[in-house]
Amino acid sequence: MLPVTAVFLAGPAHAQTANKPASPPPPSSLTCGVLKAETTKTGSTSNWTVSGPSGKNTETGVLKSGPRFDCLDGAVLTVEFTSTAGHSFFDAYFPDGTNIGYGRQQIDRRGNRFVLPIQAKARIAAPYRTAFDYHCKLSMPLDPITPAMRAECAS
């Protein structure tokens, strides 16, 4: 007579699935230095607010993804989102109350660094310029890239 454990071992194997940890959801709020971002969702509509020294900026949209908040260098708050039409946007908010925004096709992400058009560098206060890298892909007649600017572009 076979021991009881041998009977169980001889039985059919049952598939086991490993529980793969899900990636954490993006934060619904984020504090970045003097800036704070919060988002809520009602049905298919997302609402997000960025608060800082210059007040509050609130946006609403039906999104395909986002908004995603990041904090660069402990001071610059970034917001990324994609509309249901597939248009992606990027906004950077600075502690001095300024912000810049671009369509996602105008910026790159290399690792954990955002690469903005070189023309953006002059619009960013000096203490925050090093939070970004810059590219020279968008030379436009009304916003040309000078030879001096070109020397500062990431390859």
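Please refer to the structure higher up on the page.
Residues numbered from 1 in each chain as written. Predicted model: local features only at pLDDT ≥ 70, side-chain atom pairs only at ≥ 80, totals over all residues. Heavy atoms only, no water.

A. Quick look at the sheet that holds strand β7 (residues 99-103). Across the sheet, 7 strands lie side by side as β1-β2-β3-β4-β5-β6-β7; this open sheet has antiparallel pairing. The sheet is open, and its two edges are formed by β1 (29-32) and β7, each paired on a single side. With strand direction ignored, the average angle separating the axes of adjacent strands in the sheet is 10°. Across 6 bridges, the pairing between strand β5 (residues 76-83) and strand β6 (residues 88-93) is antiparallel. Looking at β6, one finds that Thr78 is bridged to Ala92. (Pairing = 2+ DSSP bridges. Helix = DSSP H or I, 4+ residues; strand = E, 2+ residues; numbered from the N terminus. Axes fitted to C-alpha atoms, helices over the stretch in contact; angles between N-to-C directions.)

B. Structural context of the environment of Ser46. The topology assignment puts Ser46 in strand β3 (residues 45-52). As a C-alpha pair, Ser46 and Leu63 span 17 residues in sequence and 6.8 Å in three-dimensional space. Contacts of Ser46, omitting those with residues within four sequence positions, involve Thr40, Lys41, Glu59, Thr60, Gly61, Leu63, Gly66 and Pro67. (Contact = heavy atoms within 4.5 Å.)

C. Spatial organisation of the pattern of salt bridges. All told, the structure shown has 7 salt bridges when counted by the stated rule. The residue Arg68 makes a salt bridge to Asp70 at a minimum N-O spacing of 3.2 Å. With a relative accessible area of 16%, Asp70 lands in the buried category. Taking the shortest distance from any N to any O, the salt bridge between Arg109 and Asp70 comes out at 3.6 Å. Of this pair, Arg109 sits in strand β8 (residues 108-110) while Asp70 is found in strand β4 (residues 55-72), placing the two residues 39 residues apart along the sequence. Residue classification places Arg109 among the partly exposed positions, given a relative accessible area of 30%. (Salt bridge = Lys/Arg side-chain N within 4 Å of Asp/Glu carboxyl O. Buried < 20%, exposed > 50% of the residue type's maximum accessible area, 1.4 Å probe, protein only.)

D. Structural detail: the state of the cysteines. Enumeration according to the criterion identifies 1 disulfide in this entry. Disulfide partner of Cys32: Cys71, at an S-S distance of 2.1 Å. Sign of the S-S torsion, about 75° for the bond between Cys32 and Cys71, identifies this disulfide as right-handed. Linking Cys32 in strand β1 with Cys71 in strand β4, this pair joins segments that are 39 residues apart in sequence. Judged by its relative accessible area of 33%, Cys71 is partly exposed. (Disulfide = S-S within 2.5 Å.)

E. Examining the packing of aromatic side chains more closely. Applying the stated rule across the entire model yields 5 aromatic pairs. Relative to Phe132, the ring of Phe94 lies with its centre 6.2 Å away and its plane at 65°, an arrangement referred to as edge-to-face. Linking Phe94 in the loop between β6 and β7 with Phe132 in the loop between β9 (113-117) and β10 (133-135), this pair joins segments that are 38 residues apart in sequence. (Phe/Tyr/Trp six-rings, centres within 6.5 Å; stacked < 30°, edge-to-face > 60°.)

F. The arrangement of the environment of Cys32 in detail. Residue classification places Cys32 among the buried positions, given a relative accessible area of 0%. On a C-alpha basis, the gap between Cys32 and Tyr93 in space is 9.9 Å, while along the polypeptide they are 61 residues apart. Once residues within four sequence positions are removed from consideration, Cys32 is found in contact with Cys71, Leu72, Gly74, Ala75, Val76 and Leu77.

G. Main features of the pairing of β3. Note: strand β2 (residues 35-42) against β3, 7 bridges, orientation antiparallel. Each bridged residue has a counterpart across the sheet, and for Thr42 the counterpart in β3 is Thr45. Counting the residues in the hairpin turn of β2 and β3 gives 2 residues, including Gly43, whose phi is positive at 65°. Judged from the 8 bridges that link them, β3 and β4 form a sheet pairing that is antiparallel. Residue pairing in the sheet places Ser46 in a bridge with Gly61 of β4.

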